[in-house]
Amino acid sequence: MSTNLTTTTTPHGDSTGRPTAADLDRADPLRHYRDAFIGTDDASVRGYLDGNSLGRPLKALVPVMTAFLEQQWGDRLIRGWDEGWMRLPETLGDRIAAATLGAAAGQTVVADSTTVSLYKLIRAALTARPDRSEIVIDRGNFPTDRFVVEGIAAETGASIRWIDTDASTGVRLDDVAAVLGPQSAVLVLSHVAYRSGHVADVPAITTLAHDHGALVLWDLCHSAGSIPIELDAWGVDLATGCTYKYLNGGPGSPAFLYVSSALQDAATQPIWGWMGDRRPFEMAQGYEPAAGIRSFVSGTPPIMGMLAMQSMLDLIEEVGIDAIRAKSLALTGFAIEQYDEKLAPLGVTLSTPRDGAVRGSHITIDHPSFKALVAELWESGLIPDFRPPAGIRLGLSPLSTSFAEVETVIDAIRQSLASPAPAR
Ligand SMILES: Cc1ncc(COP(=O)(O)O)c(C=O)c1O
């Protein structure tokens, strides 16, 4: 797989004629954006390859945070609720929808964690399919998705149908077709597999589920902000995703949640709170849901947790999701070339697809020594993550990761495998 990146300068290449990491960084049309992030010039962190867990903060956030403290919270005090905070779940949701989800306004809110959003959306899907009793999910899905489904099954009596997937291919159309049935109410899948980075065929799987009369809920944690998404055009019913990965919202920033307009009247979420009521300050008796997507909000929105992602959205809107995807593919393509040359000969395996069309923004490699090795890497300022049983994930954030960081981490892994420490 060759690295395909629009260049602005001519790479020089190594002895094999292939561009080096330094060449690729020089030629990267988005290279200047790396300077927009705090810590990219910190010499003690020589490689941060975990933006798929927690994206870096932007420098622009420092004045944004200060202004929020001094001018909004500090000065406007409780008046801030009437001056914008109250509607922030919807206004920010609409912005995320336009910049990253391919969704029209009025279908997205930012409010709770991904876990709580999954709970609300799956329960809402069951209310929209009252004559059906099954939730369908794959065994390779992220633990919280599976646990929420198991909890809902225990709570409601719904049954679970499991899809068995090959960890290296992710969920395929045939896997889903083999399990969907006349009782299937909702199918819960991830767009990008958290283990291998495989990208599922959202439009085809969504159409298949609809042909069976089922709704589909997509977990977009690993795709929002890194891969173009077209929720409206693909006919998706429900979706949710984190904002602390490629939307750089910071630790614990709230998730977004999407319910298609077509479904909003039929789907009722289960956590009825005053912020989703149509008249929150009348202190009325009896819950009456607000119109539209607002009814999916329950309690007071975490306003401070929504600040950082707004600065990242400024950047995403400026660069455009297609250019971000091109850089992501160039980074993962380069990482795979480096893997082939330096790690495959040492017995390291790769579970990420080589085909860029079905590859997300991280690559996953494995070796029996990796659990111990990651602790060593972290100590030396090289930061990927380790997720058993998949192995090391190298998460490549398109706007903040350099090709040099990828090479530095892969060289360190090679060096360590070639001369193992006695304790490992
Ligand atoms: C695919 C996926 N779903 C869900 C989550 C986490 O959910 P929450 O934001 O509730 O912790 C993660 C976290 O990494 C994830 O990768």
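Higher on the page you've got the structure.
A brief look at the structure comes next. (Residues numbered from 1 in each chain as written. Predicted model: local features only at pLDDT ≥ 70, side-chain atom pairs only at ≥ 80, totals over all residues.)

## What about the overall build of the protein chain?
Item 1. The helix and strand inventory of the protein chain stands at 13 helices and 13 strands.
Item 2. On C-alpha atoms alone, the protein chain measures out to a radius of gyration of 22 Å, which is about the 22 Å that the 2.2 N^0.38 rule sets for 424 residues.
Item 3. Projected onto its principal axes, the C-alpha coordinates of the protein chain cover approximately 75 × 55 × 45 Å.
Item 4. Among the 424 residues that make up the protein chain, the fraction classed as buried is 47%.
Item 5. Pairs at least 24 apart in sequence give 70% of the contacts found in the protein chain among residues at least 6 apart. (Helix = DSSP H or I, 4+ residues; strand = E, 2+ residues; numbered from the N terminus. Rg over C-alpha atoms; globule rule 2.2 N^0.38 Å. Buried ≥ 20, exposed ≤ 12 C-beta atoms within 10 Å, placed from the backbone. Contact = placed C-beta atoms within 7 Å.)

## Examining the pairing of strand β8 (residues 256-259)
Item 1. Going residue by residue along β8, you find Phe256 and Tyr258 tucked away on one face and Leu257 and Val259 tucked away on the opposite face as well.
Item 2. When strand β7 (residues 238-241) meets β8, the two strands line up antiparallel, connected through four bridges. When the bridges of β8 are listed, Gly241 appears paired with Phe256. (Pairing = 2+ DSSP bridges.)

## Some details on the nonpolar core
Considering soluble globular proteins, one finds that nonpolar side chains tend to be buried as a cluster.
Item 1. Formed by 81 residues in total, the largest nonpolar core has its most connected members in Ile122, Ala125, Val186, Leu187, Val216, Leu217 and Tyr258.
Item 2. Top contributing element to this core by residue count: helix α4 (residues 114-128), with seven residues.
Item 3. No fewer than three residues from each of domain 1 (21-59 + 320-418) and domain 2 (84-315) sit in this core.
Item 4. In this structure Val186 touches Ile122, Ala125, Leu126, Arg129, Ile135, Ala214, Leu215 and Leu217, once residues within four positions along its chain are discounted. (Core = buried A, V, L, I, M, F, W, Y, C linked by C-beta atoms within 7 Å. Domains from an automatic or database assignment.)

## Topic: helix α2 (residues 61-76)
Item 1. At Phe68, α2 shows its largest kink, close to 35°.
Item 2. The element α2 is largely exposed, with a buried count of zero among its 16 residues.
Item 3. The positive-phi residue at the C-terminal boundary of α2 is Leu77, with phi of around 50°. (Bend = angle between axes of the 7 residues up to and from the residue.)

## Here we look at the site of the ligand
Item 1. Taken together, 13 residues are adjacent to the ligand, and Ser113, Thr114, Thr115, Phe142 and Cys221 come closest.
Item 2. Per-class residue counts for the shell around the ligand are five nonpolar, six polar and two charged. (Near = placed C-beta within 6 Å. Nonpolar A, V, L, I, M, F, W, Y, C, P; charged D, E, K, R; others polar.)

## Observations concerning the environment of Ala344
Item 1. Topologically, Ala344 is positioned in the loop between α11 (321-343) and β9 (349-350).
Item 2. For Ala344, a count of 14 C-beta atoms within 10 Å puts it in the partly exposed group.
Item 3. Along the sequence, Ala344 and Asp366 sit 22 residues apart, while their C-alpha atoms lie 10.0 Å from each other.

## Overview of unusual backbone geometry
One can expect most non-glycine residues to show negative phi and most peptide bonds to be in trans.
Item 1. Looking along the chain, the bond that leaves Pro388 and enters Pro389 is cis, with omega of 0°.
Item 2. Positive phi is not limited to glycine here, since Leu77 has a value of about 50°.
Item 3. If you trace the backbone, Leu77 turns up in the loop between α2 and α3 (88-101).
Item 4. The class for Leu77 is exposed, based on 9 C-beta atoms found within 10 Å.
Item 5. Positive phi outside glycine occurs at Met283, with the angle close to 50°.

## Notes on the environment of Met309
Item 1. By secondary structure assignment, the location of Met309 is in helix α10 (residues 307-319).
Item 2. Measuring from C-alpha to C-alpha, the distance between Met309 and Val216 comes to 26 Å, with 93 residues separating the pair along the chain.
Item 3. Excluding residues that lie within four positions of it along the chain, Met309 makes contacts with Thr243, Leu247, Asn248, Gly249 and Ser253.

## Let's talk about the sheet that holds strand β4 (residues 159-163)
Item 1. As summarised here, the arrangement of the seven strands in space is β2-β8-β7-β6-β5-β3-β4, forming an open sheet in which the pairing is mixed. Each of the sheet's edge strands pairs with one partner strand only, and the pair in question is β2 (108-110) and β4. Neighbouring strand axes in the sheet, compared pairwise and without regard to direction, differ in orientation by 20° on average.
Item 2. α3 contacts β2 and β8 of the sheet and is inclined by roughly 120° relative to β2.
Item 3. Across the sheet, α4 touches β3 (134-138), β5 (184-190), β6 (215-219), β7 and β8, and the angle it forms with β7 is around 175°. (Axes fitted to C-alpha atoms, helices over the stretch in contact; angles between N-to-C directions.)

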